[in-house]
Amino acid sequence: MDEMECEPTSKEDEEEGQGKPIVVLLVGAPGSGKSTFCEDVIRSSTRPWVRVCQDTIGKGRAGTKSQCLNSAMSALNDGKSVFIDRCNLDREQRTEFVKLGTPLVEIHAVVLDLPAKLCISRSVKRTGHEGNLQGGKAAAVVNRMLQKKELPKLSEGFHRITFCQNDSDVKATLNTYTSLSQLDSLPSGCFGQKNPDTKIQLGIMKFLKKVDAPVDVGADVNCTNQALSSQITKEKDSCFKQPEDISPSSAAAKKIKGDEDIVDHSFDETVSSKDIPTLAFPSISTADFQFKHETAADIILEKVEEFVNKVANARLVLVDLSHGSKILSLVRAKAAERNIDSNKFFTFVGDITKLYSKGGLRCNAIANAANWRLKPGGGGTNAAIFSAAGPELEVETKRRATSLIPGKALVVPVPSTSPLFSREGVTHVIHVLGPNMNPQRPNCLNNDYVKGSKVLREAYTSLFEGFASIGNAQGNLLEESTEKLRSEVSVSQDHFKGHHIKNGPINDQKIKRVGAYESERSKKCKGLEDEPESDCAESRDGRENFNNKKIGKSMTKTWGSWAQSLYHIAMHPEKHKDNLIEISDDVVVLNDLYPKAQRHLLVLARSEGLDCLADVGREHLQLLRTMHTVGVKWAEKFICEDELLVFRLGYHSAPSMQQLHLHVISQDFNSKHLKNKKHWNSFNSAFFRDSVDVIEEITNNGRATIRDEDNLLSMELRCHRCRSAHPNIPRLKSHISNCQASFPPSLLRNDRLLLAPSSKSGSDS
């Protein structure tokens with residue numbers, strides 16, 4: 001196991017050269033390896049430990065619980081940590097030892113929940129056991145004890161509980177406690193639990209060739225089909241879905257193969273640490289980019305404090321590989337001075353790609369200190385994460401973006417086929433790029449720490465907003481809304497609006513404008529990165545809330561600040577009068593900032609809660625008709641000025657801008673802003689829903705059909721009149737300017753197109 005640690009318990013303890021003593025209750029059946037665990041830790045650890053074993057407490061003979069308690073208290077008074085080496089299989093047996101906990105003494109449990117067959121086999125075969133539990137009688141004793149097993153819960157008073165189901169888990173936990181120095185402490189919570197509330201392992205009956213379970217199993221164990229169903233449903237609805245192989249529900253619902261034990265479960269309503277959304281992140285820019293550690297530590301804590309004070313049900317973990325990490329030491333010391341809640345933020349030494357399998361720390365999301373190209377390779381965290389995640393992460397990243405600018409973050413869901421998901425339970429990787437102070441790397445800021453600090457603050461803000469957006473998009477119950485966090489955290493964009501580092505690679509990518517964080521964009525929107533007012537397909541994070549070709553799916557997503565501009569215009573038109581051409585109680589009208597044709601208007605609804613077409617129902621029909629009427633009015637006005645113009649009115653299935661808006665666009669598509677396949681197909685495929693069809697569908701069905709399939713925006717380029725294919729946009733534009741073919745009959749029906757009367761009669765003929 002990779003070494004790990006958490007922050008020292010307090011500044012005062014550091015000054016005295018001593019941390020909190022720990023009492024560790026070993027919980028496990030005879031033969032589970034409790035004594036071996038204690039001896040291995042004591043032999044290798046630098047922290048002073050005392051083993052209290054009831055089998056030998058009476059001068060080498062078996063003693064009493066009272067003797068064990070007295071011995072433990074004596075060791076604690078000497079400043080030593082204590083292992084309670086008893087079976088401790090039910091709550092009653094643990095209660096008195098848990099009471100040893102005080103503000104100055106932490107109580108931990110290490111649960112050696114190994115297969116019953118293994119424990120019985122070890123007990124039967126061993127010789128010279130301290131308690132003389134060996135040979136043939138051992139099997140019956142183990143069987144009887146496991147019938148009464150009650151796994152510990154945090155609610156009993158434990159600071160930390162670690163569950164081990166196999167030898168690999170035991171080894172990892174052994175290394176955790178062995179590496180714990182006198183000044184270190186471990187994060188609180190419940191770690192590694194796969195089988196919550198296991199009462200009895202019925203496989204023991206099979207091993208002992210008994211056919212009937214104990215009479216009291218039904219009374220003691222709530223393992224009805226209804227309970228399992230409830231638990232499984234809760235897991236599916238949880239804000240961060242875990243992979244099946246480490247999901248409590250999946251473990252409960254399936255029969256274990258071979259000779260392994262079949263385990264029944266009851267539902268535990270106690271919230272453990274695995275239920276808390278957790279982000280693990282490295283220090284940004286302090287390694288290869290050579291940002292000053294002292295300044296970076298201050299910025300980390302400033303942004304962490306900002307986040308944890310606003311989002312209650314979430315946890316942040318700063319991770320580094322080295323015990324001697326300077327940045328971890330600085331952050332720990334400064335966090336103690338600021339009194340930041342250690343349940344919401346702590347430091348951890350370990351491999352960020354193996355936090356669960358090697359350290360027992362379950363993290364739903366991990367941050368990657370990425371390069372601007374979002375490519376694997378290099379060294380450090382970036383190389384490690386791409387390597388651990390496999391090629392799936394690179395593919396998924398490319399689908400969303402091809403580059404990243406300093407100060408921004410990109411949220412990428414981890415595919416279920418990735419080892420990071422299946423082994424570690426990581427559901428999202430958040431790529432983030434900080435400022436560079438290394439003259440040997442691109443875009444060096446030449447020690448400009450004013451600009452560098454600003455960019456680093458933006459990077460952490462983008463990272464934490466991206467993390468919050470994951471829970472928000474999936475229905476996570478955060479006690480403080482992400483919107484409040486975003487509204488109160490000012491993110492300056494001056495560095496990115498026309499002030500990119502000159503001659504740098506970012507400039508070559510022509511990324512002119514960005515939003516609060518890049519996770520709101522997908523690779524689908526790549527061509528619109530310099531044109532945020534235009535619509536394109538939503539990022540996958542947003543689209544996951546839609547079912548292709550299904551009716552009635554509402555969108556729930558977090559919008560970046562750039563994507564909220566239409567919303568602010570609709571809600572406060574008085575502040576944008578110079579940019580509006582019509583204002584009424586129901587709608588506002590403006591020219592698209594990046595028009596895709598000679599005439600391209602947007603008609604914005606002024607109703608709260610209507611972000612996109614998926615939010616619209618029958619109760620909004622009058623508003624839709626009003627928007628359509630206003631759009632027709634403006635189209636007819638332009639046609640009167642130029643009879644050659646033809647207009648189409650409609651909505652994008654998955655818009656990139658918040659606030660329901662109707663496109664009124666002329667069909668010449670003569671614009672310098674129409675640059676790529678995505679631009680073209682967003683107006684000339686089923687992705688574009690005609691206004692008349694939307695009104696008809698909602699009238700009849702209550703919802704509009706959403707067409708946001710991946711392939712719609714990547715279809716080949718075809719003329720919207722004659723349907724001929726073309727290899728690129730310039731060739732297509734050249735063709736369109738000369739094409740005299742009639743529009744397809746499907747567009748000429750149901751008033752989908754608005755034409756001059758003379759053109760309409762020509763079409764009819």
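Along each chain, numbering runs from 1 in the same order as the chain's sequence is written. Residues qualify for local features only when their pLDDT is at least 70, as the model is predicted, and side-chain atom pairs are given and counted only at 80 or more; totals for whole chains, interfaces and linings, by contrast, use all residues. Computation of side-chain values covers all heavy atoms of the structure but excludes hydrogens and water.

**Some thoughts on the nonpolar core**
The tendency in soluble globular proteins is for nonpolar side chains to be buried as a group.
Moving on, step 1. We call a set of buried Ala, Val, Leu, Ile, Met, Phe, Trp, Tyr and Cys residues a nonpolar core when their side-chain atoms join them within 4.5 Å. Note on classification: 1.4 Å probe, protein chains only; a residue is buried when its accessible area is under 20% of the maximum for its type, exposed when over 50%, partly exposed between these limits. Counting 41 residues, the largest nonpolar core has L279, F281, L316, F345 and L463 as the members making the most contacts within it.
Moving on, step 2. A run of H or I in DSSP becomes a helix once it reaches four residues, and a run of E becomes a strand once it reaches two; helices and strands are each numbered from the N terminus. Of all the elements, helix α18 (residues 449–473) adds the most residues to this core, at 9 residues.
Moving on, step 3. Counting 34 residues, the second-largest nonpolar core is a separate cluster that includes A605, V694, I695 and L754.

**Some words on the pairing of strand β7 (residues 278–281)**
Moving on, step 1. The alternating pattern of β7 places T278 and A280 and L279 and F281 on opposite faces, both of which are buried.
Moving on, step 2. Only strands that DSSP links by at least two bridges are regarded as paired with each other. Pairing of β7 with strand β8 (residues 315–320) involves 4 bridges; the strand directions are parallel. When the sheet's bridge partners are listed, A280 is paired in β8 with V317.
Moving on, step 3. Sheet analysis places β7 next to strand β10 (residues 365–369), joined by 2 bridges and oriented parallel. If you follow L279 over to β10, its bridge partner there is A365.

**Structural notes on the sheet that holds strand β3 (residues 81–85)**
Moving on, step 1. With parallel pairing, 6 strands are arranged side by side in an open sheet as β2-β3-β1-β4-β5-β6. Both outer strands of the open sheet, β2 (49–53) and β6 (189–191), are each paired with one neighbouring strand and no more. Averaged over neighbouring strand pairs, the angle between their axes works out to 15° when direction is ignored.
Moving on, step 2. Both strand β5 (residues 160–164) and β6 contribute to a ladder of 3 bridges, which runs parallel. In the sheet register, T162 faces β6, and the bridge partner there is F191.
Moving on, step 3. Residues count as neighbours in contact if any of their non-hydrogen atoms are within 4.5 Å of one another. Angular values range over 0 to 180 degrees, each being the angle between N-to-C directions of two axes fitted as lines to C-alpha atoms, with helices fitted over their stretch in contact. This element, helix α7 (residues 167–178), spans β1 (22–27), β2, β4 (106–112) and β5 of the sheet and lies at about 145° to β5.

**Quick word on the pairing of strand β16 (residues 647–652)**
Moving on, step 1. When you tally the buried positions in β16, you get 6 out of 6 residues, the bulk of the element.
Moving on, step 2. As paired strands, β16 and strand β17 (residues 661–666) are joined by 4 bridges and run antiparallel to one another. Within the sheet, the bridge partner assigned to F647 lies in β17 and is S666.
Moving on, step 3. Note that β16 and strand β18 (residues 688–690) share 3 bridges and pair antiparallel. In the strand pairing of β18, Y651 is matched with R689.

**A look at the sheet that holds strand β12 (residues 428–432)**
The strands that make up a sheet are held in pairs by hydrogen bonds between backbone atoms, and each pair lies either parallel or antiparallel.
Moving on, step 1. Strand order in the open sheet formed by 6 strands is β9-β8-β7-β10-β12-β11, and the pairing between neighbours is mixed. Every other strand in the sheet has two partners, leaving β9 (345–349) and β11 (409–413) as the edge strands with one partner each. Averaged over all neighbouring strand pairs, the angle between strand axes comes to 25°, with direction disregarded.
Moving on, step 2. With 5 bridges joining them, β11 and β12 adopt antiparallel strand pairing. When the sheet's bridge partners are listed, V411 is paired in β12 with I430.
Moving on, step 3. Those strands touched by helix α12 (residues 293–308) are β7, β8 and β9, and its axis lies near 155° from that of β8.
Moving on, step 4. Together, β11 and β12 form the strand contacts of helix α16 (residues 391–400), whose direction differs from that of β11 by roughly 125°.

**Here we look at the side chain of N684**
Moving on, step 1. Structurally, the position occupied by N684 is in the loop between α24 (677–683) and β18.
Moving on, step 2. The exposure class assigned to N684 is buried, which follows from its relative accessible area of 10%.
Moving on, step 3. Two N or O atoms form a polar contact when they lie within 3.5 Å of each other; inside protein one atom must be a possible hydrogen donor and the other a possible acceptor, and for residues adjacent in sequence the pair counts only when both atoms belong to side chains. At 3.1 Å, the side chain of N684 forms a polar contact with the backbone oxygen of W680.
Moving on, step 4. Discounting residues that sit within four places of it in the chain, N684 has contacts with Q667, F669 and H720.

**Regarding the packing of aromatic side chains**
Moving on, step 1. Pairing of aromatic side chains here covers Phe, Tyr and the six-membered ring of Trp, requires ring centres within 6.5 Å, and sorts the geometry by plane angle: under 30 degrees stacked, over 60 edge-to-face, intermediate tilted. Enumeration over the complete set of coordinates arrives at 14 aromatic pairs.
Moving on, step 2. Plain terms: the ring middles of F37 and F83 are 6.1 Å apart, the flat faces sit at 90° to each other, and that makes the pair edge-to-face. One end of the pair, F37, is in helix α2 (residues 34–44); the other, F83, is in strand β3, and 46 residues separate them in sequence. Here the two residues F37 and F83 agree in accessibility, since each one is buried.
Moving on, step 3. Each ring, one from F291 and one from Y449, has its centre 4.9 Å from the other, and the planes form 65°; the classification is edge-to-face. Of this pair, F291 sits in the loop between β7 and α12 while Y449 sits in helix α18, and the two are 158 residues apart along the sequence. Across this residue pair, the class does not change: F291 and Y449 are buried.
Moving on, step 4. Site record: aromatic cluster; members linked through ring pairs are F281, F307, Y460, F464 and F467.
Moving on, step 5. Against the face of Y449 rests K292, its NZ or CZ located 4.7 Å from the ring centre. Think of it as a cone above the ring: NZ of Lys or CZ of Arg counts as a charge over the ring if it is within 6 Å of the ring centre and within 35 degrees of the ring normal.

**Side note on the pattern of salt bridges**
Moving on, step 1. One side-chain nitrogen of Lys or Arg within 4 Å of one carboxyl oxygen of Asp or Glu is enough to make a salt bridge. On inspection of all chains with the given rule, the structure shows 23 salt bridges.
Moving on, step 2. The partner of D40 in a salt bridge is R43, and the shortest N-O contact between them spans 2.4 Å. Linking D40 with R43, this pair stays in helix α2, spanning 3 residues, or about one helical turn.
Moving on, step 3. In this structure, the salt-bridge partner of E294 is K334, at a minimum N-O distance of 2.7 Å. Taken as a pair, E294 in helix α12 and K334 in helix α13 (residues 326–338) lie far apart in primary sequence, 40 residues in all.
Moving on, step 4. Beyond isolated ion pairs, a larger network of salt bridges with shared partners links E294, D298 and K334.

**A short note on the confidence of the model for the protein chain**
Moving on, step 1. The pLDDT value expresses, per residue, how confident the predictor is, ranging between 0 and 100. Summary statistics for the protein chain give a mean pLDDT of 76 and a share of 73% for residues scoring 70 or more.
Moving on, step 2. Helix α9 (residues 217–220) is the least confidently modelled element of the protein chain, averaging 32 in pLDDT, while β17 averages 97, the highest of any element.
Moving on, step 3. In this model, residues 197–274 is a region of pLDDT below 50 whose contacts with residues beyond four sequence positions or in other chains number 139 contacts.
Moving on, step 4. Low pLDDT (under 50) marks residues 473–556, which in the prediction has 260 contacts with non-local residues, meaning those over four places away or in another chain.

**Some remarks on the state of the cysteines**
Moving on, step 1. Here, two cysteine sulfur atoms that lie within 2.5 Å of each other are counted as a disulfide. Within the structure shown, the criterion is met by 0 disulfides.
Moving on, step 2. Between C719, a free cysteine, and C722, which holds the nearest cysteine sulfur, the sulfur-to-sulfur gap is 3.8 Å.
Moving on, step 3. What makes C719 buried here is its relative accessible area of 0%.

**Here's the deal with the environment of C119**
Moving on, step 1. When you line up the elements, C119 lands in helix α5 (residues 116–125).
Moving on, step 2. Residue contacts for C119: discarding those within four places in its chain leaves A29, P30, G31, S32 and L114.

**Details of the packing of helix α23 (residues 621–641) against helix α25 (residues 691–701)**
Packed helix pairs are characterised by how far apart their axes lie and by the angle those axes make with each other.
Moving on, step 1. One can describe the packing of α23 onto α25 by two numbers: an axis separation of 10 Å at closest approach and a directional angle of 165°. Of the possible angle classes, the one that applies to α23 and α25 is roughly antiparallel. Here α23 and α25 pass one another in a crossing that is left-handed. Side by side, α23 and α25 meet where L621, L624, R625 and H628 of the first sit next to S691, V692, V694, I695, I698 and T699 of the second.
Moving on, step 2. For this scheme, ten residues count as nonpolar: Ala, Val, Leu, Ile, Met, Phe, Trp, Tyr, Cys and Pro. Four count as charged, namely Asp, Glu, Lys and Arg, and the remainder, Gly too, count as polar. Its residues assigned to classes, the contact of α23 with α25 shows 6 nonpolar, 3 polar and 1 charged. Our angle categories are set so that under 35 degrees counts as roughly parallel, over 145 as roughly antiparallel, 65 to 115 as roughly perpendicular, and the remainder as oblique. We call a crossing left-handed when the near helix sits turned anticlockwise from the far one by less than a right angle, and right-handed when that turn is clockwise.

**Here we look at the side chain of S179**
Moving on, step 1. Among the structural elements, S179 can be located in the loop between α7 and β6.
Moving on, step 2. A relative accessible area of 15% means that S179 is categorised as buried.

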